[in-house]
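Commentary on secondary and tertiary structure
The chain contents come next:
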Amino acid sequence: MRILVTAGPTREDLDPVRYLSNRSSGRMGYALAAALQRLGHQVVLVSGPVELEPPAGVERVPVWSARDMLAACRERWPDMDGLAAVAAVADYRPAKRARGKLKRAEGEGRSLELVPNPDIVRTLARRKGDRRVLGFALESSRGRAHARRKLVDKHLDWIALNGPEAQGASEATLLLLGADGSERDLGPARKELLARRLAALTFPETNA
Ligand code: CTP
């Protein structure tokens, strides 16, 4: 199968030198891309800025912002058989990107207007047909209920639930919820091992 994987953070520019972002290292998405590739799938990895090398045999498409990520994914999606959305996409971006570096006004505060970014996985999964889509959910509390809601709202087949402590860490816990009501506990373990378990459950080798 041809599988699109999104990974890493996005960066939302305020001006030419400043941006809003998050702590995502991209490690889970990259590990999943590697695990899928090892199962025999053709993997395209659309990645925000991270300090990782692309896994061998995986095509990487580097992007910066959520809108760049959506554009790159949209272009590839028609040729793909499945999607794994692991990216920690910024939900908002500054309403305006200043052309020049913003200047400090001595002694004055500054407020920032934010506008919503597109929901990448939801946009793509809306037109998935019979293709399968795996999403992630980062939840700090009442995780299961929120994750189940996201599963339906974003048209997912599975959602992998983890806590905010997973961002930037080498280990994580992972609970895989299926649209069929199933529930599998995959951790705690190193992200590479979690990714192998996740790949085998969602896009198994037999479909390669
Ligand atoms: N996602 C996406 N585009 C966005 C936001 C999220 O594709 N603009 C995807 C993520 O890659 C992940 C899933 O949606 O697969 C859930 O991300 P999460 O941050 O947990 O959910 P949000 O929809 O952002 O909800 P909230 O931050 O309110 O919990």
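Keep in mind that this is a model prediction, so the values were computed, not measured.

It is worth spelling out the environment of R60 at this point. Inspection of the secondary structure assignment puts R60 in strand β5 (residues 59-62). Judged by its relative accessible area of 32%, R60 is partly exposed. A C-alpha to C-alpha distance of 17 Å links R60 and A88, two positions 28 residues apart in sequence. In this structure R60 touches Y30, L45, S47, V50, L52, E53 and P54, once residues within four positions along its chain are discounted. At a separation of 2.9 Å, a polar atom in the side chain of R60 contacts the side chain of Y30. In this structure the side chain of R60 is engaged in a polar contact, spanning 2.9 Å, whose partner is the backbone oxygen of L52.

This part takes up helix α4 (residues 143-153). Counting along an α-helix, one turn takes 3.6 residues, and residues three or four places apart therefore face a common direction. Residues G143, A147 and L151 constitute the buried set of α4. Looking down the long axis of α4, one finds its buried residues gathered within 70° of arc, a one-sided arrangement. In α4, the exposed positions angled more than 90 degrees off the buried face are occupied by R149 and V152. Where the residues of α4 are buried, they touch β9 (132-138), β10 (158-162) and β12 (175-178). Positive backbone phi, approximately 60°, marks H155, located one or two places after α4.

Our focus in this paragraph is the nonpolar core. Ranked by internal contacts, the top residues of the largest apolar core, which has 32 residues, are V5, L32, L134 and L198. Ranked by residue count, the leading element in this core is helix α1 (residues 27-38), at seven residues. Those residues in contact with L198 that sit more than four places away from it in its chain are M28, L32, L134, F136, A160, L174, L176 and L186. M80, A85, V133 and A137 belong to the second largest nonpolar core, which has 27 residues in total.

Neighbouring the ligand are 14 residues; A85, A87, F136, K150 and K154 lie closest to it. The contact in question runs from an oxygen atom of the ligand to an N or O atom on the backbone of V121, over 2.8 Å. Taking F136, its main chain carries an N or O atom lying 2.9 Å from an oxygen atom of the ligand. Contact with the protein chains hides 76% of the accessible area of the ligand, taken as 570 Å² for the molecule alone. In a pocket analysis with a 2 Å cut-off to the grid points, the ligand is assigned to the largest pocket. Put simply, the parts of the chain that give the shell around the ligand at least two residues each are α3 (120-125) and β9. Ranked by the residues each element gives to the shell around the ligand, the list is headed by β9, at four residues. A class-by-class count of the residues in the shell around the ligand yields nine nonpolar, one polar and four charged.

Procedures and definitions
- Residues numbered from 1 in each chain as written.
- Predicted model: local features only at pLDDT ≥ 70, side-chain atom pairs only at ≥ 80, totals over all residues.
- Heavy atoms only, no water.
- Helix = DSSP H or I, 4+ residues; strand = E, 2+ residues; numbered from the N terminus.
- Buried < 20%, exposed > 50% of the residue type's maximum accessible area, 1.4 Å probe, protein only.
- Contact = heavy atoms within 4.5 Å.
- Polar contact = N/O pair within 3.5 Å; in protein donor to acceptor, adjacent residues only side chain to side chain.
- Arc of directions from axis to C-beta.
- Core = buried A, V, L, I, M, F, W, Y, C linked by side-chain atoms within 4.5 Å.
- Near = heavy atom within 4 Å.
- Areas by Shrake-Rupley, 256 points an atom, 1.4 Å probe, with all protein chains shown as cover.
- 1 Å grid on protein atoms, 1.4 Å probe; cavity = no way out; pocket = protein on both sides within 12 Å on 5 of 7 lines; lining within 4 Å.
- Sits in = over half its atoms within 2 Å of the grid points.
- Nonpolar A, V, L, I, M, F, W, Y, C, P; charged D, E, K, R; others polar.

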